[in-house]
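Listed below, chain by chain, are the residues.
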Amino acid sequence: MKPEQPTRRTFAAALGAAVALIAGAGTARAQGRATRFQPARHPQDAWLDALPGKHRTFIDASNVSGAGSALLYAYNLYAANKSDYSLPERDVAVVVCFRHSATALGFNDAMWAKYPKQMNATPQMVDPKTNEPPKTNLFYSVDYGFALTNLGSTIESLVTLGTRFAICAMATRGLAGGIAAETGRDVDTVYKELVANTIPNSHMVGAGVLAVNRAQEYGYTLLTAL
């Protein structure tokens, strides 16, 4: 007997099955794209998207050494973008986050003068000019140059370039608790006083680690300062 020859009907059925298989694969890929993870947006984080700039960097500082390095890195970002890419400061979005042991650097000289012991309880800084605990925010001053880890890149100078600062509210509340315990004042009152005396261009965030997460979801490159 001769082997059975394929008919037009069986050929059409096979072709239809192949087309269906291809279409199914295409649908699966489309569904995969449609269900791709997208982070949620929250009004508390809108400030991150409001900063002008073609390039975004978030510098995370969790200790005093890191805080100084973060200021230096921020300056270097502006300088290198200007010298090598001819980009003005407004095209470079930089956020420096002071959290954990670096949180006290997010407050002005008035707070350091009023609560020097408590402000320096965690940072444990020494004023290189007096060899004593500081009574001002050393990283704000232009008087220390290379004596500090910021190598002369001060908070004040970076503010003029457009740098924004994220201050950890969770650590700030802990700082307020320490001040309240030493002075006999109410924690909430001290906390509000601290918030009213942050450095310029600053934004209180729920927690520094949370800001690290949100910034990356908004397209910021994370730079960890040590």
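Look above for the structure.
*Asks:* Honestly, the overall build of the protein chain in this entry has me stumped. Any pointers?
*Replies:* When helices and strands are counted, the protein chain shows nine helices and five strands. Reading the helices (α) and strands (β) of the protein chain from amino to carboxyl end gives α-α-β-α-β-α-α-α-β-α-α-β-α-β. Sorting the 226 residues of the protein chain into buried and exposed places 39% on the buried side. On the protein chain, roughly 12800 Å² of surface is accessible, and the fraction owed to carbon and sulfur atoms is 57%.

*Asks:* Looking at this model, I keep getting lost on the sheet that holds strand 4 (residues 202-205). Mind explaining?
*Replies:* Consider a sheet: its strands pair through backbone hydrogen bonds, and that pairing is either parallel or antiparallel. Strand order in this open sheet of five strands is 4-3-2-1-5, and the pairing throughout is parallel. On the outer flanks of this sheet lie strand 4 and strand 5 (221-225), each paired with one strand and no other. In this sheet, adjacent strand axes meet at a mean angle of 25 degrees when their direction is disregarded. Alignment of strand 3 (residues 164-168) against strand 4, held across four bridges, turns out to be parallel.

*Asks:* Any chance you could explain the side chain of Ser-153 here in plain terms?
*Replies:* Relative to the helices and strands, Ser-153 resides in the loop between helix 5 (116-119) and helix 6 (155-161). When its relative accessible area of 6% is taken as the criterion, Ser-153 is described as buried.

*Asks:* Would you explain the nonpolar core in this entry?
*Replies:* One broad trend across soluble globular proteins is that nonpolar side chains are buried collectively. The biggest cluster of nonpolar side chains holds 41 residues, and the ones touching the most others in it are Val-96, Phe-98, Met-119, Phe-139, Ile-155, Phe-165 and Leu-194. Mapped by element, the contributors of at least two residues to this core are strand 1 (55-61), helix 3 (64-85), strand 2 (92-98), helix 4 (109-114), helix 6, strand 3, helix 7 (169-183) and helix 8 (187-195). Setting aside residues no more than four positions away along its own chain, Leu-194 makes contact with Phe-107, Met-111, Met-119, Thr-172, Leu-175, Ala-176 and Ile-179. Counting 14 residues, the second largest nonpolar core, distinct from the first, contains Val-95, Ala-166, Val-205 and Tyr-220.

*Asks:* Help me out: how do you make sense of the packing of helix 7 against helix 8 in this one?
*Replies:* The geometry of a pair of packed helices is captured by two quantities: the angle between their axes and the separation between those axes. Look at helix 7 against helix 8: their axes get within 8 Å of each other, and the N-to-C directions meet at 125 degrees. What the angle tells us is that helix 7 and helix 8 run oblique. With respect to the hand of their crossing, helix 7 and helix 8 are arranged in right-handed fashion. Of the residues in helix 8, those in contact with Ala-169, Thr-172, Arg-173, Leu-175, Ala-176, Gly-177, Ile-179 and Ala-180 of helix 7 are Val-187, Asp-188, Val-190, Tyr-191 and Leu-194. Of the residues assigned to the contact of helix 7 with helix 8, the class counts are nine nonpolar, two polar and two charged.

*Asks:* Whenever I open this one, the pattern of salt bridges confuses me. Can you help?
*Replies:* Pairing of side chains with opposite charge becomes possible as their charged atoms draw close. One pass over the structure, following the stated rule, counts nine salt bridges. For Arg-185, the salt bridge goes to Glu-193, with nearest N and O atoms at 3.0 Å. Under the relative-accessibility criterion, Arg-185 is labelled partly exposed at 31%. The class of Glu-193 is buried, set by a relative accessible area of 16%. Linked by salt bridges that have partners in common, Lys-114, Arg-185 and Glu-193 make up one network.

Cut-off values and rules
Residues numbered from 1 in each chain as written. Predicted model: local features only at pLDDT ≥ 70, side-chain atom pairs only at ≥ 80, totals over all residues. Heavy atoms only, no water. Helix = DSSP H or I, 4+ residues; strand = E, 2+ residues; numbered from the N terminus. Buried < 20%, exposed > 50% of the residue type's maximum accessible area, 1.4 Å probe, protein only. Areas by Shrake-Rupley, 256 points an atom, 1.4 Å probe, with all protein chains shown as cover. Pairing = 2+ DSSP bridges. Axes fitted to C-alpha atoms, helices over the stretch in contact; angles between N-to-C directions. Core = buried A, V, L, I, M, F, W, Y, C linked by side-chain atoms within 4.5 Å. Contact = heavy atoms within 4.5 Å. Parallel < 35°, antiparallel > 145°, perpendicular 65-115°, else oblique. Left-handed = near helix turned anticlockwise from the far one by under 90°. Nonpolar A, V, L, I, M, F, W, Y, C, P; charged D, E, K, R; others polar. Salt bridge = Lys/Arg side-chain N within 4 Å of Asp/Glu carboxyl O.

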